[in-house]
Amino acid sequence: QVQLVESGGGLVQAGGSPRLSCAASGRIFGMNTMGWYRQAPGKQRELVALITRGGSTNYADSVKGRFTISRDNAKNTVYLQMNSLEPEDTAVYYCNANVTIPAISDFRRMGYWGKGTLVTVSS
């Protein structure tokens with residue numbers, strides 16, 4: 001089974017610049033589009049950033065210019081560099097990965113979620 005594990009969350013002062021990591025493990029043939037989502041208290045989960053296997057990126061307007069998503073295919077890992085954090089960025093951040101895995105008679109693409117890492121931004 002493929003598992004995603006996020007790390008790097010915690011308590012950060014406003015203006016801080018933490019980096020989140022999400023490492024995928026398991027029988028992985030290839031990593032496809034990966035992304036970060038977040039869910040703030042009392043809010044719906046929302047897309048933060050996406051990155052394709054080739055490196056194309058897409059950001060939510062609320063984080064564009066402050067956050068940078070990147071990936072290391074050799075390590076099956078996706079990162080989210082967060083800069084100039086504000087209290088409004090406080091949320092549980094989840095990574096998502098679309099993975100090609102070997103099956104019994106073929107390959108298949110599956111989507112996986114991490115359990116999330118909490119980022120709390122204090123003013």
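First things first, this report covers the structure right here in the doc.

1. Concerning the overall build of the protein chain
Assigned secondary structure in the protein chain consists of 0 helices and 11 strands. In the protein chain, the succession of α and β elements from N to C terminus is β-β-β-β-β-β-β-β-β-β-β. Its C-alpha atoms give the protein chain a radius of gyration of 15 Å, within 12% of the compact-globule value 14 Å for 123 residues. Expressed as lengths along the three principal axes of its C-alpha atoms, the size of the protein chain is roughly 55 × 25 × 25 Å. Counting only residues that meet the buried cut, the protein chain has 42% of its 123 residues in that class. A separation threshold of at least 6 residues defines the contact pool for the protein chain, and within that pool the share at least 24 residues apart is 56%.

2. Overview of unusual backbone geometry
Most peptide bonds take the trans form, and the phi angle of most residues other than glycine is negative. The backbone of Asn76 shows a phi angle near 50°, a positive value even though the residue is not glycine. With respect to the secondary-structure elements, Asn76 resides in the loop between strand E7 (67-72) and strand E8 (77-82). Phi angles above zero are rare outside glycine, and Ser84 is one such case at about 50°. Along the chain, Ser84 turns up in the loop between E8 and strand E9 (91-102).

3. Describing the sheet that holds strand E3 (residues 19-25)
Read from one edge of the open sheet, 4 strands run E1-E3-E8-E7, paired in antiparallel fashion. Each edge of the sheet is formed by a strand with only one pairing partner; in this case those strands are strand E1 (3-7) and E7. Looking at each pair of strands side by side, their axes are set apart by 15° on average, direction ignored. Bridge count between E7 and E8: 6 bridges; the pairing is antiparallel. Across the sheet, Arg71 pairs through a bridge with Val78, a residue of E8.

4. Description of the pattern of salt bridges
Taken as a whole and assessed by the stated rule, the structure comprises 3 salt bridges. Between Arg38 and Glu46 there is a salt bridge, and its shortest N-O distance comes to 2.8 Å. Looking at Arg38, the relative accessible area reads 6%, which means it is buried. Judged by its relative accessible area of 33%, Glu46 falls in the partly exposed class. Between Arg66 and Asp89 there is a salt bridge whose closest N-O contact spans 2.8 Å. One end of the pair, Arg66, is in the loop between strand E6 (57-59) and E7; the other, Asp89, is in the loop between E8 and E9, and 23 residues separate them in sequence. Take Arg66 and Asp89: they sit in the same class, and that class is buried. Each of Arg38, Glu46, Arg66 and Asp89 takes part in salt bridges that share partners, so that together they form one network.

The rules we used
- What you see as residue numbers is a count from 1 along each chain, following the sequence as written.
- For this predicted model, a pLDDT threshold of at least 70 governs which residues receive local features, and a threshold of 80 or more governs which side-chain atom pairs are given and counted, while totals over whole chains, interfaces and linings are taken from all residues.
- Where side-chain values are given, they derive from all heavy atoms of the structure, hydrogens and water being excluded.
- Secondary structure follows DSSP: runs of H or I at least 4 residues long count as helices, runs of E at least 2 residues long count as strands, and numbering of each begins at the N terminus.
- Only C-alpha atoms enter the radius of gyration; for comparison, a globular chain is expected to reach 2.2 Å times N to the power 0.38, where N is the number of residues.
- Type-normalised accessible area, obtained with a 1.4 Å probe on protein chains alone, sets the label of each residue: buried when under 20%, exposed when over 50%, and partly exposed for intermediate values.
- Note on contacts: a residue pair is in contact if any heavy atoms of the two residues lie within 4.5 Å.
- In this description, strands pair whenever DSSP reports at least two bridges between them.
- Between N-to-C directions, angles span 0 to 180 degrees; the directions come from axes that are lines fitted to C-alpha atoms, helices contributing only their stretch in contact.
- We define a salt bridge as a side-chain nitrogen of Lys or Arg found within 4 Å of a carboxyl oxygen belonging to Asp or Glu.

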